[in-house]
Amino acid sequence: MSRHLIRAGVLAAFVVVPFYLEGFWLQAGLFAMSAAVGAIGLNLLTGATGQLSMGHAFFLAVGAYAYVYFAAEPTGSLGGLGLPTPLAAVLAVVLSGAAGGLFSPIAGRLKGAYLGIATLALIFLGQHLLFNAGPVTGGFNGRAVPPLELFGFVFSDAPELVVMDVPFGALERLWFLGGAVLLAAALFARGVLRGRPGRAMNTIRDHEIAAGVMGVPVARYRAGVFVLSSMYGGLAGVLLALVFQRTVPDYFGMLLSLDYLAMIVIGGLGSVGGAVIGAVFVSLLPQLLTRYGDALPLVAAPGSGDGVSPAEAARLLYGAAVVAVVLFLPGGLLGLLHSLRRRLPGLRLPLSANPTPSPETRS
Amino acid sequence: MFGQQLLEGLGAGAGYAALALALVLTYRFTGIVNFAQGELAMLATYVAWQLVVSGMPYWVALPVTVALAFAAGVLTERLVIRRLESGAGEVTLVVTTIGLYVLVNALATLVWTAALRAFPSPFPDSPPGLAALAAAGVAGAVLGALALVVRRTGLGLVMRAVAADARSARLSGVRVGRVLALGWGAAAAVGALSGVLLAPTLFLEPSMMTGVLVYAFAAATLGGFDSALGAVAGGLAVGVTETLAGTYLGFVGADLKIAVPLVIVVAVLLLRPQGLFGSAPVERA
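Keep in mind that this is a model prediction, so the values were computed, not measured.

### Brief notes about the overall build of chain A
Then, number 1: Counting its regular elements, chain A contains 14 helices and six strands.
Then, number 2: In chain A, buried positions account for 52% of the 363 residues.

Here it is, written out as structure tokens:
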């Protein structure tokens, strides 16, 4: 009963937020939602299956740019297919999966850190394509993102819409779309992790030979999870493009891949909740520093040139957070919540009853 | 022209070989693929630059830097890696080094800013080909000394014992913890050498070693991740291939040079995962 109450409370809070928060925080929240979708995908691959990927940013780029290319009308030197935008979004996710599929013969045969080294290739390939395939990607300047239009409802500022005296612009409308996408992505991943595939994936991570002996097709699973995780990456990319309203190639570099790895480690490896918590932490940290950096020593206002920029300060902090978490909180922030709940039985936290095993729980 | 390119390739290859050797040392002793190796080298290179700029002669600054890097490597092992050893999965270990990567990179940006800086060459008056050859010579001398220590001394014997089987070594009375710290220190020192060797051509900036790390991964993969000889041979091979491909294959050019090591990595991992000189792992369930 109480769990239903908590869920209803969370839902109500989520619905109320866009009526009160200003655009800056809505955008930050949307970034966090898109990051959470991507991090869930990476956690399926890295946390649950033990396959390191440095190439997650590549699949985000594929998703974002494919959506723009499919949805945009061709103008001047820039190409485009002008498809209906929901179809473009679905095709973009499918294309990310296909890109993952092309790489999956490699992903299926390599394990752990070796896959990490091989996926570095994707980052450099991606950067090269983004900068040089001008007619598709817009090169150095990137491209404007056409707003999504679902059954005649446009996710942009254009046709004015006022709900209960609050003007509903692009961010307010996307807020609900992002929430729905994240919920669907999280539920699907939870289903995968709790069922037969999830057990097989964890066994591959913990003991590859044992998994093979028990009849798990190891290479096929590795390849399959890689494709699934790249589709999550593509979906996160589409969402990100819609929020940014412009795609820029610089963004999809190696640092973005490292951000995603930091997210799943800080939040907790191998679970959906961990991915979401980590994504919120890593994507809100720079925004918090941008907003309240003036109050902190050393951190400079953006563009002023003296001191550290908020983005750098945030990287310093979350680099340190990764090391601190692996040293002192092996289960990540989610593990911290679980142990808090065990110590304080009276405290009810909205978490699943049986946590997914983290790598640290094995012998 | 060809000879010139070959020399330049060998010079760059010496730098890659040194970083690849650092990766192999870390991997052999602790079983960790250290993604932060390049950043530790970058940090050491900044220290060397700071020393030279503040008036220390180049040939004094170099050993001081290498010694400081050694200490930093030992400290990293003591403070971070050792606390993780028991029970942490491979992904956790690797991601820890990625956390170190981000941390060190941000730290260097904080202290020295992201501006490009010129790094003094040890041989300012000689033609570039000769300087590259001399750099390769310096690297070769240090690597040779390291090989002598590992092959011919009691310390080397202990190190090899720990690398082969840490548990048996501990049972025979070896202080395994110290040897592991020593391994990380040696890796950091060799990595620092790589940074200093490559800095005159790459220029000094916080992300200077990102590309080099990719080359070093390629070198270590090509040679075999558990073979020191393989790392050196792989580094030289990658350096020469990359330089020649950039010059003679029109479609590669300067822009796609980074693709060369990545193609090598993927090809080796698919065709001969243990590398040219490495040993294939045998697992018993």
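Here the narrative resumes.
### Some remarks on the overall build of chain B
Then, number 1: Helices and strands together make up the secondary structure of chain B, namely 11 helices and zero strands.
Then, number 2: Starting at the N terminus, the α and β elements of chain B follow one another as α-α-α-α-α-α-α-α-α-α-α.
Then, number 3: For chain B, whose C-alpha radius of gyration is 18 Å, the value lies close to the compact-globule estimate of 19 Å for 285 residues.
Then, number 4: If one aligns the C-alpha atoms of chain B with their principal axes, the spans along those axes are about 55 × 45 × 35 Å.
Then, number 5: Out of the 285 residues belonging to chain B, those deemed buried represent 50%.
Then, number 6: Here the analysis covers contacts within chain B between residues at least 6 apart in sequence; of these, 77% occur between residues at least 24 apart.

### Considering the UniProt feature "transmembrane region" (unreviewed entry) in chain B
Residue and element names in this part refer to chain B.
Then, number 1: As recorded in UniProt, the feature "transmembrane region" (unreviewed entry) lies at residues 6-25, 58-81, 93-115, 130-150, 179-200, 212-236 and 248-271.
Then, number 2: Helix makes up 100% of residues 130-150 and strand 0%. Its end C-alpha atoms lie 30 Å apart.
Then, number 3: End C-alpha to end C-alpha, residues 212-236 measures 13 Å, and it is 84% helix and 0% strand.

### A closer look at the environment of Val-323 of chain A
Then, number 1: For Val-323 of chain A, the location among the structural elements is in helix α13 (residues 310-328).
Then, number 2: Residue classification places Val-323 of chain A among the buried positions, given that 22 C-beta atoms sit within 10 Å.
Then, number 3: Residues Val-323 of chain A and Ala-262 of chain A lie 61 residues apart in sequence; the distance between their C-alpha atoms is 9.6 Å.
Then, number 4: Look past the residues within four positions of Val-323 of chain A in its chain and what remains in contact with it is Val-80, Thr-96, Gly-99, Leu-100 and Leu-103 of chain B.

### Topic: the interface of chain B and chain A
Then, number 1: Taken together, the contacts link 35 residues of chain B with 38 residues of chain A.
Then, number 2: For the side of chain B that touches chain A, the secondary-structure elements that each account for two or more residues are α3 (58-84), α4 (90-112), α9 (208-223) and α11 (259-271) of chain B.
Then, number 3: When residues in the side of chain B that touches chain A are grouped by element, the largest group, 15 residues, is from α4 of chain B.

### A short note on the nonpolar core
Then, number 1: One finds Ala-36 of chain A together with Leu-21 of chain B to be the most contacted residues of the largest nonpolar core, which totals 218 residues.
Then, number 2: If near-sequence neighbours (up to four positions away) are discounted, Leu-21 of chain B is found in contact with Leu-143, Val-190, Ala-228, Ala-231 and Val-232 of chain B.

### A look at helix α14 (residues 332-343) of chain A
All names here are of chain A.
Then, number 1: Taking 1.5 Å of rise per residue, 12 residues should cover 16 Å, and α14 covers 17 Å from first to last C-alpha, within 8% of that figure.
Then, number 2: Where α14 is concerned, the buried positions are Gly-332, Leu-333, Leu-334, Gly-335, Leu-337 and His-338.
Then, number 3: Buried residues belonging to α14 abut α11 (254-267), α12 (272-292) and α13.

### Structural notes on the environment of Thr-65 of chain B
Residues and elements named next belong to chain B.
Then, number 1: Secondary-structure assignment places Thr-65 in helix α3.
Then, number 2: Between the alpha carbons of Thr-65 and Thr-45 there is a distance of 7.7 Å; along the sequence they are 20 residues apart.
Then, number 3: Not counting the four nearest positions on each side in its chain, Thr-65 is found in contact with Ala-44, Val-47, Ala-48, Leu-51, Ala-192 and Val-196.

### Quick look at the confidence of the model for chain B
The predicted coordinates should not be examined in detail at positions where pLDDT is low.
Then, number 1: Mean pLDDT over chain B stands at 82; residues scoring 70 or higher make up 92%.
Then, number 2: Across chain B, element-level confidence peaks in helix α2 (residues 37-53) of chain B with a mean pLDDT of 90 and bottoms out in helix α5 (residues 128-152) of chain B with 77.

### Section: the confidence of the model for chain A
Then, number 1: Taken residue by residue, chain A gives an average pLDDT of 80. The fraction at 70 or more is 87%.
Then, number 2: Of the regions scoring below 50 in pLDDT, residues 351-363 of chain A engages in 25 contacts with residues more than four places distant in sequence or in other chains.

### Quick notes on the packing of α2 of chain B against α9 of chain B
Residues and elements named next belong to chain B.
Then, number 1: Following both chains from N to C, one finds α2 and α9 inclined at 135°, their axes separated by 9 Å at the closest point. By the angle between their directions, the pair α2 and α9 is classed as oblique. Crossing angle aside, the handedness with which α2 passes α9 is right-handed. Judged by residue contacts, Gln-37, Gly-38, Glu-39, Ala-41 and Met-42 of α2 engage Met-208, Met-209, Thr-210, Val-212, Leu-213 and Ala-216 from α9.
Then, number 2: A per-class count over the contact of α2 with α9 returns seven nonpolar, three polar and one charged.

Reading the values: rules and limits
- Residues numbered from 1 in each chain as written.
- Chains lettered and ligands numbered in written order.
- Predicted model: local features only at pLDDT ≥ 70, side-chain atom pairs only at ≥ 80, totals over all residues.
- Helix = DSSP H or I, 4+ residues; strand = E, 2+ residues; numbered from the N terminus.
- Buried ≥ 20, exposed ≤ 12 C-beta atoms within 10 Å, placed from the backbone.
- Rg over C-alpha atoms; globule rule 2.2 N^0.38 Å.
- Contact = placed C-beta atoms within 7 Å.
- UniProt positions renumbered as here; feature names shortened; annotations may be inferred.
- Core = buried A, V, L, I, M, F, W, Y, C linked by C-beta atoms within 7 Å.
- Expected span 1.5 Å × (residues − 1).
- pLDDT = per-residue confidence, 0-100.
- Axes fitted to C-alpha atoms, helices over the stretch in contact; angles between N-to-C directions.
- Parallel < 35°, antiparallel > 145°, perpendicular 65-115°, else oblique.
- Left-handed = near helix turned anticlockwise from the far one by under 90°.
- Nonpolar A, V, L, I, M, F, W, Y, C, P; charged D, E, K, R; others polar.

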